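Structure assessment
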Amino acid sequence: METAVASSNHSLPRLGQPAPPFEADTTHGILRLEDFKGSWLILFSHPADFTPVCTTEFMAFAELAPELRRRGVELCGLSIDSTFSHIAWVRNIEQNFGVKIPFPVIADLNKEVASLYGMIMPGESKTETSRCLFAIDPAGILRAMIYYPLSTGRNTQEVLRLIDALQATDKYGIATPANWKPGDKVIVPPPKTTEDADARMKAGYETKDWYFSKRAV
Ligand code: BEZ
């Protein structure tokens with residue numbers, strides 16, 4: 001099986017550009033990036049099947065899946081393991097912890113998708129993907145990347161917050177401040193001309209100074 005775009009380098013993809021296309025074997029059959037068009041996609045890698053931190057992450061993402069689905073977001077995992085290993089591991093998680101893994105997991109044995117997305121950090125491991133996460137929007141544009149080391153399990157509530165922030169940005173044309181959560185005020189993008197800066201002071205937002213305005217959404 002060949003990917004649509006093969007690459008042997010480990011360059012990182014770029015925010016705001018089309019996410020690298022792929023075609024891959026998964027626990028749900030062959031999937032291509034294109035198959036997710038029209039939905040948001042969280043593509044995330046883990047170092048290896050049958051490892052404890054990864055097991056906690058898989059269960060946390062499984063728990064989050066319904067909330068993500070309500071927001072039009074699909075999940076897809078990835079590691080450099082075979083489909084047989086993935087199948088055995090997800091069955092093991094269900095047997096041991098009673099958690100069903102509802103999302104597909106890419107079996108990236110030839111490291112093609114990992115290379116396209118820069119998921120291998122040779123300083124950490126040459127044979128395992130680090131904990132990388134990519135938020136891809138319904139048009140296939142890469143909107144956010146999170147890179148964590150092998151040793152640190154991710155906070156899935158932060159992933160949900162990231163999706164809420166990206167979707168609020170798209171809906172209202174705003175930005176979100178530090179530690180923003182849905183219901184909090186948002187940031188009105190700062191003016192780019194002196195004329196707009198003057199106008200901003202009278203625009204009716206909650207304005208501290210010309211560059212710092214908040215509003216409710
Ligand atoms: C883990 O998932 O437990 C793990 C995987 C790779 C390195 C360290 C921990």
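Residues numbered from 1 in each chain as written. Predicted model: local features only at pLDDT ≥ 70, side-chain atom pairs only at ≥ 80, totals over all residues. Heavy atoms only, no water.

1. Here we look at a nonpolar patch on the surface
Selection rule: Patches were defined on residues exceeding 30% relative accessible area and lacking a salt bridge, with like-charge contacts within 9 Å and nonpolar side-chain contacts (Val, Leu, Ile, Met, Phe, Trp, Tyr) within 5 Å. The Shrake-Rupley method, run with a 1.4 Å probe, gives the accessible areas here. Residue values count only the displayed protein chains as cover. Put simply, a salt bridge is a Lys or Arg side-chain nitrogen that is within 4 Å of an Asp or Glu carboxyl oxygen. Labels follow the DSSP assignment, with helices taken as runs of H or I lasting at least four residues and strands as runs of E lasting at least two, numbered in each case from the N terminus. Note on classification: 1.4 Å probe, protein chains only; a residue is buried when its accessible area is under 20% of the maximum for its type, exposed when over 50%, partly exposed between these limits.
The grouping of Met 201, Trp 210, Tyr 211 and Phe 212 at the surface amounts to a nonpolar patch, some 420 Å² of accessible area in total. Within the secondary structure layout, Tyr 211 lies in the loop between β9 (206–209) and β10 (212–215). A relative accessible area of 46% means that Tyr 211 is categorised as partly exposed.

2. A look at the pattern of salt bridges
One pass over the structure, following the stated rule, counts 14 salt bridges. One salt bridge connects Asp 170 with Arg 143, and the closest N-O pair in it is separated by 2.8 Å. Of the two residues, Asp 170 sits in helix α4 (residues 156–172) while Arg 143 sits in strand β7 (residues 142–148), which places them 27 residues apart along the sequence. The exposure class assigned to Arg 143 is partly exposed, which follows from its relative accessible area of 22%. As a salt-bridge pair, Lys 181 and Asp 184 come within 3.3 Å of each other at their nearest N and O atoms. Residues joined in a network through salt bridges with shared partners are Glu 67, Arg 70, Arg 71 and Asp 164.

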